[in-house]
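Coordinates in review
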Amino acid sequence: MFAAIAETYDPRLMRKPLALTLLALACLATSGGVAEARSLPAPAPTSPGNGARVQQLPAISWNAVRGAAAYEYQIAADPRFNSLALGRGSGRGTAQIHNLSATLDKTVPNGTYYWRVRGLTAKGKVGAWSKVRKIVKAWNTAPQITGGNGVTISWPAQALVLRWSSVPYATKYIVSIATDPGLSNLVVGTRTKPVETQGVNFALPVSLAPGAYYWAITPVDAEGHRGARSALGTFQWSWPSTTAVSLADLNPEAGVFDNPIFSWNPVPGAARYEVEVNSDQNFAPGSKWCCAGTTIGTSLAPLAALANNRYYWRVRAIDPHGDAGAWNEGQSFEKAFDPTTPTIRGLTLRSADGEALGGAPETDTPILTWDPTPGASLYEVQIGPYASGLGCDFSKSATSAALHATTATTAWTPLAANHAGHQGPGAWPTPQQQTLNVPANLTYCARVLARTDNDAQHNQVISAWTQLNGINKPAFTFAAQPAPGTPGSEGLVTEAGDYIAPKAGFQPGCQERAGGATPGVANCTLTPLFTWKRVAGASGYFVVIARDPRFTEVADVGYTNVPAYAPRLGNEAPLSDETTDYYWAAIPTSESDGHGVFSFPCFTTPTNPCEGANDNPQRFDKSSIPPQPRSPGSGAEVSTQPSFRWSLVDNARNYQLQVASDPSFGKPIEDIMTDGTAYTSNSTYPADTALYWRVRANDWSGQGLNWSPTQTFVMRLPTPTLDPLGPTTLLGIPPITWSYVQGAIGYEAHVEWPGGKGEDFTFESPSASVISYYGTGIFHYQVRAAFPTSGSAKVSGPYSRKESSLMLLSAPRNVRGIKTGSRLLITWQPEPDAKQYEVQIGTTSGFTSLIETHRVDGTTWAPNIDLSMKRNRGTLYWRVAPVDQRNGVGSFTSGTFGGRASCSTKARGKKAHGSARKQKPRCVKKSGGKKRRR
């Protein structure tokens, strides 16, 4: 500019050009041309002070620069501003705004930050940067432990509730509970997935193993940055798990524990129980006999029989978390199957017509009978030669099938050697027989023992021997079979009058069929003994037992030389229960080895005519006496784990118990086998509906016998009782606690939030904290207990009564709206339940016309509003409200920017049942002005 003036210089016109030049410069200066050409001066930072230490980054502010139409600020983690905080854009590390203050939308990690600002002209020319100021962000306010430190918890009578103070700017808290003071061995949550809660309390939802524990609380801000951890707290966890135990015998008549059942008082807090029965007093693992797994009841009868021995037993509780309580030892007991003397009662030698033969008589048809032994399902019979002066030699019975037998029938007769082979149709079973006959014309001893089911280690459980006539005494002399004689006019057939038994009173368990048109037909509860008169001309007999009158469905065939047959264990003997008659016949043979069969049995009726000789078959019923249910009685209401009991029945190897929700038992919900006469369910049944149960015995062959009468009962699962809950505070929902429910493995809480949405939560312990909540208004909740059932499934009891409480999301407190020149700034106090805040500015008090709306993490906001614009020159209205975890907006506090001061008014907006607080009007003086109230 100055060079151009020198080139036009004329000495003759010296004064005038100079004056014009000065005038031109003045005009340029007044027109702004020089101002645009010059750089704007650097703004002067005002707050925060250089090096200020703060909990959260505050608003940065500066003085206005003449000629600046806008400003550009930068906030970075390095002094060269290469690491802008939050990046670029409004509310981030750098942006252009019309305000004299700027704020960040989101929280940033702890550290040192730097900031600067410069002006911008209306044409976008930039001015000089301000001096760089430093801010140290150190969010180091630690929570203060206020409850749960140093306590001793007796679970489940007491709930562990940890409490701490609220930390400003924290939106949730990490709860660390560990077994070590370094908090390395966490017992809830993990390092990568810690337990977090929104409130300032935490009710432990699980059970713990007894011992010492350490805990601490770490605050977390809206962006997940962790703050300063609290001091270390401690607590002691104890679980009183001792209980009274008892022992009883399900079959007390023997005087010792033949069929034990173990019982104990329930342990509060126990979800299951472990029972151990051991033959070693020190409970060596290799000597354990019972029991696998755990039970949810408070009694247990072993499913498998115990061997005859002395036993020791104990029980301990298992909590829902799987931790075991103390062992509780019970009384030792001596287990002995059939310890009475004699073990086999009623052992008698009989003739074919049922007469008892005393002493040691000579007989050509030796028949041994005895009374059923309680708990026995099988018998072992040994016949040993008697040597005068020496006694009984039973050693030969071990190697001779003729002298040794196992039978489920309470009788023994000798079989014979059958050399004729298979008899009858191919569908008939192979005859029960012996390879050698019992030698005749010798004196024999006889003894019998009883067997129950095999024990848990698959070994035989037997009684002691009972010998007929006493130890080393002879039982009978086996006479040679008489000459067969000559067949009668009908040929070699068995006449109707030749049959003797089964008949009423001939042997235990056989009674005459009551009523009907068939008097004399025996109704037998056990597989009967069959006897008949000798048939003239017969040297042997095939005994055939069938289910139909034409003998097409044959259950058993036996061969004998004597007129008596006691089925051994074989074919389909012992006989199963039938609702229709059995038919049997003795088919005589002319030869003693089974050859010479001249007849075929057929039972003649008007509807079933038979042709030719038929051996006059006879009928009998086989129908066992079923177990008699004892508990639960029909129609009973059961509120604890049901324990089923029933009577002992003859010839039962084990029992089958079924429980179903339908009387047809089409799909049983319980179907188990047990050697005992009691069973405590290890699964929880559906509640409040009719349930049906029945039991039957199985014989040695596994055939199911008659079912017991069906019984009904109803399960009434217990309901927790909720403890009263006071009004919800500003620091979240208080812990919810309820009464412990015996046998529960957990609890289910159902919550209905104010917005109508329902949620379900599960817990192991009878206490809980709501770790995340949202919305305002009344919420409802209720709780129910969960019980174990088969496998990993569970069944739930009824819900408790519904409780309710009020949720508040109050308007921010101590809100200030600041307007100084072109500076607009809103500040407020942190709200504990807020994750963010929604701030709005409008031109109407109803906020129907918004200029700006924004969400921020912090407690200050500098809106980007150009006050030079006409529409922004009037009164501006502002309001701020908390925002919860699910973006729900709470109550607003509102105010105005206008005139010479800015004021806040009472809270407006959402107002949940009186939750909004009234704000005292507050005004901020403008420089040189006076404070006034609106």
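Quick note: structure is the one above.
Throughout what follows, the structure given in this document is the object of discussion.

Reading the values: the criteria
Residues numbered from 1 in each chain as written. Predicted model: local features only at pLDDT ≥ 70, side-chain atom pairs only at ≥ 80, totals over all residues. Heavy atoms only, no water. Phe/Tyr/Trp six-rings, centres within 6.5 Å; stacked < 30°, edge-to-face > 60°. Buried < 20%, exposed > 50% of the residue type's maximum accessible area, 1.4 Å probe, protein only. Lys NZ or Arg CZ within 6 Å of the ring centre and 35° of its normal. Disulfide = S-S within 2.5 Å. Pairing = 2+ DSSP bridges. Helix = DSSP H or I, 4+ residues; strand = E, 2+ residues; numbered from the N terminus. Axes fitted to C-alpha atoms, helices over the stretch in contact; angles between N-to-C directions. Core = buried A, V, L, I, M, F, W, Y, C linked by side-chain atoms within 4.5 Å. Contact = heavy atoms within 4.5 Å. Salt bridge = Lys/Arg side-chain N within 4 Å of Asp/Glu carboxyl O. Polar contact = N/O pair within 3.5 Å; in protein donor to acceptor, adjacent residues only side chain to side chain.

Okay, the packing of aromatic side chains next. Per the counting criterion, the structure on display carries 33 aromatic pairs. An angle of 65° between the planes, with centres 5.4 Å apart, marks the rings of Trp-370 and Tyr-379 as edge-to-face. Residues Trp-370 and Tyr-379 agree in their burial class; the two are buried. Following the ring pairs from residue to residue traces out a cluster consisting of Tyr-499, Phe-530, Trp-532, Tyr-541, Tyr-565, Tyr-582, Trp-584 and Phe-620. The lysine or arginine in question, Arg-694, covers the ring of Phe-665, its NZ or CZ lying 4.1 Å from the ring centre.

Next up on the list: the state of the cysteines. Applying the stated criterion across every chain, the model contains four disulfides. Between Cys-602 and Cys-610 runs a disulfide, and the two sulfur atoms are separated by 1.8 Å. Linking Cys-602 and Cys-610, the disulfide has an S-S dihedral of approximately -55° and is accordingly described as left-handed. For the pair Cys-602 and Cys-610, a shared accessibility class is recorded, and that class is buried.

What follows concerns the sheet that holds strand 1 (residues 45-47). As summarised here, the arrangement of the three strands in space is 1-3-6, forming an open sheet in which the pairing is antiparallel. This sheet does not close on itself; its edge strands, each paired only once, are strand 1 and strand 6 (101-102).

Now for the sheet that holds strand 44 (residues 629-631). Overall, antiparallel pairing links the three strands, which are arranged 44-46-49 in an open sheet. The open sheet has two edge strands with one neighbour each: strand 44 and strand 49 (678-680). Ignoring strand direction, the axes of neighbouring strands in this sheet form an average angle of 20°. The pairing of strand 44 with strand 46 (residues 643-646) spans two bridges and is classified as antiparallel. Each residue of the ladder has a partner; that of Ser-631, found in strand 46, is Arg-645.

One finds Trp-164, Ile-177, Leu-204, Trp-237, Phe-262, Val-277 and Phe-333 to be the most contacted residues of the largest nonpolar core, which totals 44 residues. When residues of this core are traced back to their parent elements, those giving at least two are strand 11 (161-164), strand 12 (172-178), strand 15 (211-220), strand 16 (233-238), strand 18 (260-264), strand 19 (272-278), strand 20 (288-290) and strand 22 (309-318). In terms of residues, this core owes the most to one element, strand 22, which gives four residues. Excluding residues within four positions of it along the chain, Ile-177 makes contact with Leu-162, Asn-185, Leu-186, Val-187, Val-188, Phe-202, Leu-204, Tyr-213, Tyr-214, Trp-215 and Phe-235. Judged by nonpolar contacts, the second largest core, of 42 residues, contains Trp-693, Leu-705, Leu-722 and Tyr-747.

A few words on the environment of Glu-72. With respect to the helices, strands and loops of the structure, Glu-72 is situated in strand 4 (residues 70-76). C-alpha of Glu-72 to C-alpha of Arg-118: the two residues are 46 residues apart in sequence and 5.4 Å apart in space. Excluding residues that lie within four positions of it along the chain, Glu-72 makes contacts with Thr-94, Ala-95, Gln-96, Arg-116, Val-117, Arg-118, Leu-120 and Trp-129.

A word on the pairing of strand 54 (residues 746-752). Successive residues of a regular strand alternate their side chains across the two faces of the sheet. Counting buried positions along strand 54 gives six out of seven residues, so the element sits mostly inside the fold. Sheet analysis places strand 54 next to strand 57 (residues 777-788), joined by seven bridges and oriented antiparallel. In the sheet register, Val-751 faces strand 57, and the bridge partner there is Tyr-781. Following strand 54, the chain reverses through five residues before pairing antiparallel with strand 55 (residues 758-763); Gly-756 in that reversal takes a positive phi of roughly 100°.

Opposite charge on two side chains permits pairing when their charged atoms draw close. This structure, assessed with the given rule, holds 21 salt bridges. Lys-802 is the salt-bridge partner of Glu-752, the closest N and O atoms lying 3.4 Å from each other. Note that Glu-752 is positioned in strand 54 and Lys-802 in the loop between strand 58 (794-796) and strand 59 (803-807), a separation of 50 residues in sequence. Judged by its relative accessible area of 43%, Lys-802 falls in the partly exposed class. Among the salt bridges present, the one from Arg-801 reaches Glu-803, with a minimum N-O distance of 2.4 Å. Through salt bridges with shared partners, a single network forms among Arg-547, Glu-572 and Glu-578.

Right, let's talk about the side chain of Gln-656 for a bit. Relative to the assigned elements, Gln-656 resides in strand 47 (residues 654-660). At a separation of 2.9 Å, a polar atom in the side chain of Gln-656 contacts the side chain of Asp-671. Residue contacts for Gln-656: discarding those within four places in its chain leaves Asp-671, Ile-672, Met-673, Arg-694, Val-695, Arg-696, Asn-698 and Trp-707.

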